[in-house]
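Each chain, written out:
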Amino acid sequence: MSGRMRIAINTGGGDAPGLNGVIEAVVMSTWNRHWDVYGVKQGYHGLLNTDEIVHLTPEKVRHISCQGGTILGTTNKGNPFKMAVENAAGDTEIRDVSNKVVKNFQRLGFDCLIAVGGDGSLEIAYDFFKKGIPVIGVPKTIDNDMAGTVVTFGFDTAVSIATEALDRLHSTAKSHERVMVVEVMGRHAGWIALNSGISGGAKVILIPEIPFDMDTVCKKIMEEELHGERYAIVVVAEGATPAGGGIISQGGGEAGRQDVLLGGVGAMVARAIVEKTGKDTRSLVLGHLQRGGSPTTFDRLLALRFGAAAVRLVEQGQFGHMVGLDPPDIKAVPLKDVIGSQRLVPLASDTIQTARDIGISFGEPPA
Ligand code: F6P
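Computed from a predicted model, the values in this text were never measured in an experiment.

Taken together, the residues surrounding the ligand are N76, I142, D143, M185, G186, R187, E238, R257, L261, H288 and R291. The contact in question runs from an oxygen atom of the ligand to an N or O atom on the side chain of D143, over 2.7 Å. Take E238: an N or O atom from its side chain is 2.6 Å from an oxygen atom of the ligand. Considered on its own, the ligand offers 400 Å² of accessible surface; in the complex 86% of this is hidden by protein. In this structure, the ligand is accommodated by the largest pocket.

Printed below as a string of C-alpha cells:
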C-alpha cells in the first residue's frame, strides 16, 4: 500500500477494557505514516448515519489507553445485515441495510475499515469484506473465547476484578459461616470463572465446559464443613449448565440482538444449596463491574500491540485478516478461519488439573 490512506475504525459488541488502547495505537501509527484515520461511532451505526464521523488526531487520543470503555461508543444491537427497524405501522422488523453502509464507506473515500470487536462484530466485518470493503479485524472480549488468538484484551482486567471480589468475600463468608455463590461473565466459556476461582480461593467452580450436578456440589460443601471449613466460595460462570439441563437466560432477548442475555444460574445454584444443605447461602452477580474501569497493564499493552499490528496489516494489504496473539508474536489470522468458532477451556489443560490437584470441585456428576 502506498500514498495517503484514509482509514475508518469502529468498536462493536460489548465494551472491553483495552478498546481505547487499540484506538490510540491505530491513530498514532497512522499519524506517523501521514495517513488519516476517522472514528465511526456506535459500531456500524456511524456508517449508516455518517454525521458523527470524527477525524482522530494524536491530541484526541493522548494516553486514552489507561481509560476503560471506548471513546467511539459501541453496541451489540447494530448488525446492518439484520437491523431491527420500526416500520410505518410501528412494528419492529428485521431489514438488511448493509448496502447503505458500503455506499457511505465508498462515498467517504475510505481505503480500509479496522473493525474492533468480538466474534459477532468480526463476523459482520467479514460479511462486509465479502461485499468489497477492505477490512482488518482486531479481536476483543473479556470472555476470552475468540479463536485465532491465545488471549484477548479485557480478559486479564475482568479476571483481576473478579479475583479481588472473591478475596473480599472470604472475610464476610467466614464470619457468617455462609456459602457465597458468585456468578461471573464469560458467555459459553468458563475462562473468567476458572482463572478467578482458582486465584480467589473458591471451593467449587462451575463452568460451561463441565455440566454440573447439585448433589456433587453440596457433597463438596459438606465435606469441607466436616474438615472445619464452615464457609465456602462457589464461582459459577453465567453459561454453566446443570447436567441434562439447558442454559439459564434472562427472558426473550432484546430487539436487534443476535445472542441471548445469560444470567440467573448463580441464584439457582444458591437456592439448591439452601434446599439440600440448609446452609446459610447468599448469591451475587458481578456483572458489568467486570468490564468497567481502567485496563490492567497486560490489557493496555496487548491492546496497543494489536492496534499497531492492525495498521501494519493495512500497510501490507492483508485485508480479510485479524490480528492474533501467538506468543511472542502477533500474527495475521484469516477471518474466515475464526468466524463461528469459539475457544472453550480445554479440559486437559494444566489449569484444570491444577484446580483438581488443590481440591477444587467442578461439580461433575459421579461417573
Ligand atoms: O461478551 C461480553 C459480555 O460481557 C458477556 O460476558 C455477557 O454475557 C454479555 O457481554 C453481557 O452483555 P450486555 O452488556 O449487553 O449486558
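There is more to say after this.
Turning our attention to the environment of F129. Here F129 is to be found in helix α5 (residues 119-130). We classify F129 as partly exposed; its relative accessible area is 30%. Once the C-alpha coordinates of F129 and L335 are considered, the two residues, 206 residues apart in sequence, prove to be 9.5 Å apart. Apart from the residues lying within four places of it in its own chain, the contact partners of F129 are V135, F319 and G320.

Here we take up the sheet that holds strand β1 (residues 6-11). Within a beta sheet, neighbouring strands are joined by backbone hydrogen bonds and run either parallel or antiparallel to one another. A sheet is described by the order of its strands in space; here seven strands give the open sequence β3-β2-β1-β6-β7-β12-β13, paired in mixed fashion. This sheet does not close on itself; its edge strands, each paired only once, are β3 (54-56) and β13 (329-334). Neighbour to neighbour, the strand axes of the sheet diverge by 30 degrees on average, direction disregarded. Where strand β7 (residues 135-139) lies against strand β12 (residues 321-326), two bridges are found, and the strand directions are parallel. When the sheet's bridge partners are listed, I136 is paired in β12 with H321. Where helix α1 (residues 19-32) meets the sheet, its contacts fall on β1, β2 (36-39), β3, β6 (112-117) and β7, and the angle it forms with β1 comes to roughly 175 degrees. Along the sheet, helix α10 (residues 297-316) makes contact with β1, β6, β7, β12 and β13, crossing β12 at roughly 135 degrees.

Here we take up the sheet that holds strand β10 (residues 232-237). With parallel pairing, the four strands of this open sheet are ordered in space as β9-β10-β8-β11. If you trace the sheet from one side to the other, it starts and ends with β9 (204-206) and β11 (281-285), each paired once. In this sheet, neighbouring strand axes are inclined to one another by 15 degrees on average, regardless of whether the strands run parallel or antiparallel. Two elements, β9 and β10, share three bridges in a ladder whose sense is parallel. The residue of β10 that forms the bridge with L206 is V236. Lying over the sheet, helix α7 (residues 191-199) contacts β8 (179-184), β9 and β10, oriented at roughly 170 degrees with respect to β9.

Our next topic: unusual backbone geometry. Negative phi is the rule for most residues except glycine; trans is the rule for most peptide bonds. P328 follows P327 through a cis peptide bond whose omega is 5 degrees. We note that H63 has phi near 50 degrees; this positive angle belongs to a residue other than glycine. In this fold, H63 is placed in the loop between α3 (58-61) and β4 (83-86). With relative accessibility at 45%, the residue H63 sits in the partly exposed group. Of note in this structure, E177 is not a glycine but carries a positive phi near 50 degrees. Considering the arrangement of structural elements, one finds E177 in the loop between α6 (155-176) and β8.

For the rest of this paragraph, the subject is the side chain of S29. By the secondary structure assignment, S29 is in helix α1. Among the residues examined, S29 registers a relative accessible area of 13% and is labelled buried. In terms of polar contacts, S29 uses its side chain to reach the backbone carbonyl oxygen of A25, at 2.7 Å. Discounting residues that sit within four places of it in the chain, S29 has contacts with A308 and V311.

Rules used in this analysis
Residues numbered from 1 in each chain as written. Predicted model: local features only at pLDDT ≥ 70, side-chain atom pairs only at ≥ 80, totals over all residues. Heavy atoms only, no water. Near = heavy atom within 4 Å. Polar contact = N/O pair within 3.5 Å; in protein donor to acceptor, adjacent residues only side chain to side chain. Areas by Shrake-Rupley, 256 points an atom, 1.4 Å probe, with all protein chains shown as cover. 1 Å grid on protein atoms, 1.4 Å probe; cavity = no way out; pocket = protein on both sides within 12 Å on 5 of 7 lines; lining within 4 Å. Sits in = over half its atoms within 2 Å of the grid points. Helix = DSSP H or I, 4+ residues; strand = E, 2+ residues; numbered from the N terminus. Buried < 20%, exposed > 50% of the residue type's maximum accessible area, 1.4 Å probe, protein only. Contact = heavy atoms within 4.5 Å. Pairing = 2+ DSSP bridges. Axes fitted to C-alpha atoms, helices over the stretch in contact; angles between N-to-C directions.

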